[in-house]
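Here is how the chains run, residue by residue.
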Amino acid sequence: TPLYSSAASDVYKRQLEQGDVDLVVSLASGIGDPTNSEIIFRDSWSCILCKENPSIGSEVSLAEYLSAGHVGVVLGSGRVPTLDQVAVDRLGLKRRLEVHVPSFFMVAPCVVGTERLGLIQTQLAKILSQKWPVRIIPVPFEIEEVVTAVQWHRYQAHDPAIQWIRQTLKHIANGLK
């Protein structure tokens with residue numbers, strides 16, 4: 001079963017089919033027709049925490065993870081669960097969410113100077129660690145990778161502009177690895 005699906009993906013599929021949008025970049029699990037799509041990026045998950053956090057070393061046990069305060073991402077009005085929250089819920093785990101932010105980009109500044117943890121995509125963690133004093137450590141449980149795909153209308157498969165954008169997206173994604 002896919003880790004994520006939503007009514008939003010149905011809206012994008014309809015817009016693509018009607019020609020209102022040329023490309024959709026989304027989670028691969030939200031892609032309708034795999035013949036008109038391709039995976040452009042895969043990423044794992046990591047925990048981030050303040051570099052000076054004295055309560056956690058180079059790894060975190062599940063017990064430590066669950067007892068720590070967390071920064072959680074809430075998209076929109078909280079109606080769309082994030083992939084990390086879906087994974088935590090599937091495992092029956094309960095995080096102690098102390099801070100809610102509207103974007104994964106905002107997790108790093110909210111762990112700095114605290115003993116909180118954040119759960120974000122590994123490549124994003126690496127980028128944010130260049131700006132913020134955070135450490136990156138492994139997640140103490142299995143979590144499905146994030147798979148991002150691009151989808152186009154079947155009638156635009158050979159459109160030079162669409163092909164260029166797809167190639168550019170793949171090139172950018174490859175640079176993040």
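Because the structure is a prediction, the values reported are computed rather than measured. (Residues numbered from 1 in each chain as written. Predicted model: local features only at pLDDT ≥ 70, side-chain atom pairs only at ≥ 80, totals over all residues. Heavy atoms only, no water.)

The three strands lie next to each other as β1-β8-β2, forming an open sheet whose pairing is antiparallel. One side of each edge strand has no neighbouring strand; the edge strands of this open sheet are β1 (23-27) and β2 (37-43). Pairwise comparison of adjacent strand axes, ignoring direction, gives a mean angle of 20° for this sheet. Its contacts with the sheet put helix α6 (residues 160-175) on β1, β2 and β8 (146-152), and the angle it makes with β2 is roughly 15°. (Pairing = 2+ DSSP bridges. Helix = DSSP H or I, 4+ residues; strand = E, 2+ residues; numbered from the N terminus. Axes fitted to C-alpha atoms, helices over the stretch in contact; angles between N-to-C directions. Contact = heavy atoms within 4.5 Å.)

With that settled, consider the confidence of the model for the protein. Averaged over all residues, the pLDDT of the protein equals 86, while 91% of them reach at least 70. Contacts of residues 1-5 to residues separated by more than four positions or lying in other chains number 13 contacts, the stretch itself having pLDDT below 50. (pLDDT = per-residue confidence, 0-100.)

Of all hydrophobic cores here, the largest spans 33 residues; its most connected members are W45, Y65, V107, L119, I120 and F141. Elements that contribute at least two residues to this core include exactly β3 (45-50), β4 (69-73), α3 (83-90), β5 (96-101), α4 (107-111), β6 (117-121), α5 (122-128) and β7 (134-137). Here the element with the most residues in this core is β3; it accounts for four residues. When residues no more than four places from it in sequence are discounted, the contact partners of Y65 are C47, V60, H70, V88, R95, L117, L119, P140 and F141. Formed by seven residues, the second largest nonpolar core is a distinct cluster that contains F41, A157, I162 and A173. (Core = buried A, V, L, I, M, F, W, Y, C linked by side-chain atoms within 4.5 Å. Buried < 20%, exposed > 50% of the residue type's maximum accessible area, 1.4 Å probe, protein only.)

Here we come to the pattern of salt bridges. Think of it this way: side chains of opposite charge can pair up when their charged atoms draw near. Enumeration according to the criterion identifies six salt bridges in this entry. E38 is the salt-bridge partner of R166, the closest N and O atoms lying 3.0 Å from each other. One end of the pair, R166, is in helix α6; the other, E38, is in strand β2, and 128 residues separate them in sequence. What makes E38 buried here is its relative accessible area of 18%. Note that R116 is salt-bridged to E98, the shortest N-O span being 2.9 Å. One end of the pair, R116, is in the loop between α4 and β6; the other, E98, is in strand β5, and 18 residues separate them in sequence. Taken together, the shared-partner salt bridges connect E38, R166 and K170 into one network. (Salt bridge = Lys/Arg side-chain N within 4 Å of Asp/Glu carboxyl O.)

Pairing between the strands of a sheet comes from backbone hydrogen bonds, and it takes one of two forms, parallel or antiparallel. In space, the five strands of this open sheet follow the order β5-β4-β6-β3-β7, with mixed pairing throughout. With partners counted over all chains shown, the strands left at the sheet margins are β5 and β7, one partner each. Strand after strand, the sheet turns through a mean of 35° between neighbouring axes, direction not considered. Examined bridge by bridge, β4 and β6 share two bridges and lie parallel to one another. Across the sheet, V71 pairs through a bridge with G118, a residue of β6.

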